[in-house]
Amino acid sequence: MKILPPVSIEARRLLPSRWDLLAAMLVLAFIIAFADVSRSLVQPLSTITSHDLSLDQALLPGYALRTALRMLIAMGVSLIFTLSYATWAAKNARAANLLVPLLDILQSVPILGFLSVTAVWFLSLSPGRVFGAELACVFAIFTSQAWNMAFSFYQSLRTVPEDLTEAGRMLGLSAWARFWRIEAPYATPPLIWNMMVSMAGGWFFVTVSEAISVGKTNIALPGIGSWIAVAIEQRNIPAILEAILAMLVVILVYDQILFRPLLAWADRFQIGDDQDDDPPQSWVLTMLRRSSLIDWMTAPFDQMMRWSYRWHPPHFGLRGATREHDSRIADITWYVVLGVLGLYAAFEVYSFARATLSWHELLLTVGLGFLTMARVVVLIILASLVWTPIGVYVGLRPRLTRIVQPVAQFLAAFPNNLLFPLAVSLIVAWKLNVNIWLSPLLVLGPQWYILFNVVAGARTMPRELLDVGDNFGVRGLLWWKRVALPAIFPHYLTGAITASGGAWNASVLAEVANWGKTTLHADGLGAYITDATVSGNFPHVVLGMAVMAFFVVVVNRLFWQPLYWLAERKYRLV
């Protein structure tokens, strides 16, 4: 006999829950906002010059929405780049010989350099329309986000505990299944923290990304960044404060809608058997878990992923017999191709330099590079001494971490040109040395890479390690030397490397400070690239970018890479 449930229970099953209604409203709101912003992509390019940008308060919410969507799209592209590029470099030693140095070079190229080289190309994709400018802006934001995320994911994949990898092999998981079931989950917590600081890095360069000025090309896409650029040009303090308030609102929305749910979800992937007494919570994550609408939307993707875990590509019995021979041929082919490409690139560089540059200009640029390097080294040391102990203290306390996270995210997102009024006014009024007192602006944003990575490292410290230190009575400097620093060392290196590259990148903004008609120049490579970009001197832009990349790569090879190898061999979790 069929037993029918009560009518009230059946009705409750049929009607959508409050979580379904909330999910539907959020999804519809995102679709409407995206569609509304997309309508402007076909507008004429002549309508978005800086002279046409209004500082009307009523327009600021729309500007904030446009900036938020651009950064979200750039974050999505950066995540795809990270999962593919970093995984390839970590899994293929042959490819890593090229990909890792290339990543060093890419993170050292200033955003102004990317814009000066790519802006015209992106504009040509949609002649006379806003769409090309939007692509250039999103690409510029991408270049401020992707490298840090890629380095973090690469470092995590290289330090996956051997017992986890061996467990995957014993369970018969394919390489694809091991990646998504073991390696990617292990790398997820530090990746999310680096996503947050990468988002902050996008905010740090948002004025350069939205207010594009290359030679005679001046474009101001409606957004918070272009609003800030115009307000600084007009010396409009109230407009700058309004932009700061809008940034704070957007960052808080991102924290609630995106990052806090991701942190709460990634807490399940923390290494160790202990559980936090107060695990992170998120109303958005609760909605996603309880909404049948979200389940229905994501069910096809979930089924596809589960099917892919069971799929093994056919090898027709030839894999073991031909592996050594194929590997030798592949090595020879790979290095021959790299050699040919290297010779061709060297010939092109020589031809370009011989036709447009002089030895005097090269020596001048190298000298300016040493000045900027001195600033970077001193400031990274100071930032490490300050933020490493703070990051460990915060990371070991989950409740404090949840309080500090949005605050640090806002401070990391604070563009340094918003401090130009204060910096320029104090330097002019007190007749201070520009080369010294503009330097702190250089590390204003990159210093947070160190904090976020150290917090992520402290969050993954095994409880057993901390208990051993407590049982043996390890305290003070000995605790830092034997427990804390070895445990967070790989994560600190990731933060320090990206902070160093970010500081080089930030020099294009920090060594030239504008406030109205007053402009202060510090001697350095960043100021050289900025002046060349504004004047449209393409050969000098390329020279400055090449010299900056050279300095970054040399420092990484002689200093950071040996420390990275040490972290992989001695301080990985096993």
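Whatever comes next refers back to the structure up there.
In this text, all values refer to a predicted model and were calculated from it rather than measured experimentally. (Residues numbered from 1 in each chain as written. Predicted model: local features only at pLDDT ≥ 70, side-chain atom pairs only at ≥ 80, totals over all residues. Heavy atoms only, no water.)

1. Some details on the overall build of the protein
The following threshold applies: Helix numbers and strand numbers start at the N terminus; a helix is a DSSP run of H or I with at least 4 residues, a strand a run of E with at least 2. Whether a residue is buried, partly exposed or exposed follows from its accessible area with a 1.4 Å probe, protein chains only, as a fraction of its type maximum: under 20%, in between, or over 50%, in that order. Contacts are assigned to residue pairs with any non-hydrogen atoms lying within 4.5 Å of each other.
The helix and strand inventory of the protein stands at 23 helices and four strands. Taking all 574 residues of the protein together, the buried fraction comes to 49%. For the protein, the proportion of contacts with a sequence separation of at least 24, taken over those separated by at least 6, is 81%.

2. With respect to the packing of aromatic side chains
Formally: Any Phe, Tyr or Trp ring, taking Trp's six-membered ring, that has another such ring centre within 6.5 Å forms a pair; planes under 30 degrees apart are called stacked, those over 60 apart edge-to-face, and the others tilted.
Here the structure, examined in full by the defined rule, presents 20 aromatic pairs. When the ring of Phe-142 is compared with that of Trp-147, the centres are 5.7 Å apart and the planes differ by 70°; the resulting orientation is edge-to-face. Note on Phe-179 and Trp-180: the rings are 5.0 Å apart at their centroids and 80° apart in plane angle, and the pair reads as edge-to-face. Taking the relative accessible area as the measure of exposure, Trp-180 reaches 28% and is therefore partly exposed.

3. Points about helix 6 (residues 130-158)
For clarity, the cut-off: Each residue after the first adds 1.5 Å to the expected span of a helix. Bend, in this description, refers to the angle at a residue between axes fitted to the seven residues ending there and the seven starting there.
A rise of 1.5 Å per residue sets the reference length of helix 6, with its 29 residues, at 42 Å; its end C-alpha atoms lie 42 Å apart and thus fit the reference within 8%. Bending of helix 6 peaks at approximately 30° at the position of Thr-143.

4. Points about the packing of helix 15 (residues 359-395) against helix 21 (residues 476-510)
Defined as follows: The axes used here are C-alpha line fits, helices contributing only the stretch in contact, and every angle between their N-to-C directions lies in the interval 0 to 180 degrees. The hand of a helix crossing depends on one turn: near helix anticlockwise from the far one by less than a right angle means left-handed, and clockwise means right-handed. Each residue is assigned to one class: nonpolar for Ala, Val, Leu, Ile, Met, Phe, Trp, Tyr, Cys and Pro, charged for Asp, Glu, Lys and Arg, and polar for all the others, Gly among them.
Two elements in contact, helix 15 and helix 21, have axes separated by 9 Å at closest approach and are oriented at 145°. Of the two possible hands of crossing, helix 15 and helix 21 adopt the one that is right-handed. Side by side, helix 15 and helix 21 meet where Gly-369, Thr-372, Met-373, Val-376, Ile-380, Ser-384, Thr-388, Pro-389 and Val-392 of the first sit next to Trp-479, Trp-480, Ala-484, Leu-485, Ile-488, Tyr-492, Ala-499, Ser-500, Ala-503, Trp-504 and Ser-507 of the second. Class assignment for the residues of the contact of helix 15 with helix 21 results in 14 nonpolar, six polar and no charged.

5. Description of the nonpolar core
For the record, the criterion: Only buried residues count toward a nonpolar core. Its members are Ala, Val, Leu, Ile, Met, Phe, Trp, Tyr and Cys residues joined through side-chain atoms within 4.5 Å. Each domain's extent was defined by an automatic or database domain assignment.
Judged by nonpolar contacts, the single largest core of 150 residues is most densely connected at Phe-81, Trp-203, Ile-224, Leu-438, Trp-448 and Phe-452. It is helix 21 that contributes the most residues to this core, 17 residues altogether. Lining this core are residues from two domains, each supplying at least three of them: domain 1 (52-269) and domain 2 (337-574). Leaving out residues up to four positions away in the same chain, Ile-224 has contacts with Tyr-63, Ala-64, Thr-67, Trp-203, Glu-210, Ala-243, Ala-246, Met-247 and Val-250. Residues Trp-19, Val-284, Met-287 and Ile-294 belong to the second largest nonpolar core, which totals five residues.

6. Digging into the pattern of salt bridges
Quick reminder of the rule: Whenever Lys or Arg places a side-chain nitrogen within 4 Å of a carboxyl oxygen from Asp or Glu, that contact is recorded as a salt bridge.
Throughout the structure, instances matching the rule amount to eight salt bridges. Residues Arg-260 and Asp-255 are paired through a salt bridge, measuring 3.2 Å at the closest nitrogen-oxygen approach. Across the pair, Asp-255 and Arg-260 agree in class, each one buried. Connected via shared salt-bridge partners are Arg-70, Glu-134 and Glu-210.

7. A few points about the packing of helix 11 (residues 237-266) against helix 16 (residues 398-413)
The cut-off we apply is this: By definition in this entry, angles of less than 35 degrees are roughly parallel, angles greater than 145 are roughly antiparallel, angles of 65 to 115 are roughly perpendicular, and the rest are oblique.
Packing of helix 11 against helix 16 brings their axes to within 10 Å, and their N-to-C directions diverge by 135°. Put simply, helix 11 runs oblique to helix 16. Between helix 11 and helix 16 lies a crossing of right-handed hand. On helix 16, the residues touching Ile-244, Met-247, Leu-248, Ile-251, Asp-255, Phe-259, Arg-260 and Leu-263 of helix 11 are Arg-402, Gln-405, Pro-406, Gln-409, Phe-410 and Ala-413. In terms of residue class, the contact of helix 11 with helix 16 is made up of nine nonpolar, two polar and three charged.

8. Side note on helix 21
Under the 1.5 Å per step criterion, the end-to-end length of helix 21 is only 37 Å for 35 residues, more than 12% shorter than the ideal 51 Å. At Phe-489, helix 21 is bent by approximately 55°, the largest bend along its length, and proline Pro-490 sits one to four residues beyond. Most of helix 21 sits out of view: 28 of its 35 residues are buried.

9. Focus on unusual backbone geometry
At Arg-235, a residue that is not glycine, the phi angle is positive and equals roughly 55°. Relative to the helices and strands, Arg-235 resides in the loop between helix 10 (224-234) and helix 11. The class for Arg-235 is partly exposed, based on a relative accessible area of 45%. Residue Lys-431 is not a glycine yet carries a positive backbone phi of 55°. Its place among the elements puts Lys-431 in the loop between helix 17 (420-430) and helix 18 (434-437). Of the residues examined, Lys-431 reaches a relative accessible area of 74% and is grouped as exposed.

10. Quick look at the pairing of strand 4 (residues 518-521)
For clarity, the threshold we go by: Two strands qualify as a pair provided DSSP detects at least 2 bridges between them.
With four bridges joining them, strand 3 (residues 512-515) and strand 4 adopt antiparallel strand pairing. Looking at the pairing, Val-512 lines up with His-521 of strand 4. In this antiparallel pair of consecutive strands, strand 3 and strand 4, the connection spans two residues, and Gly-516 shows a positive phi of 65°.

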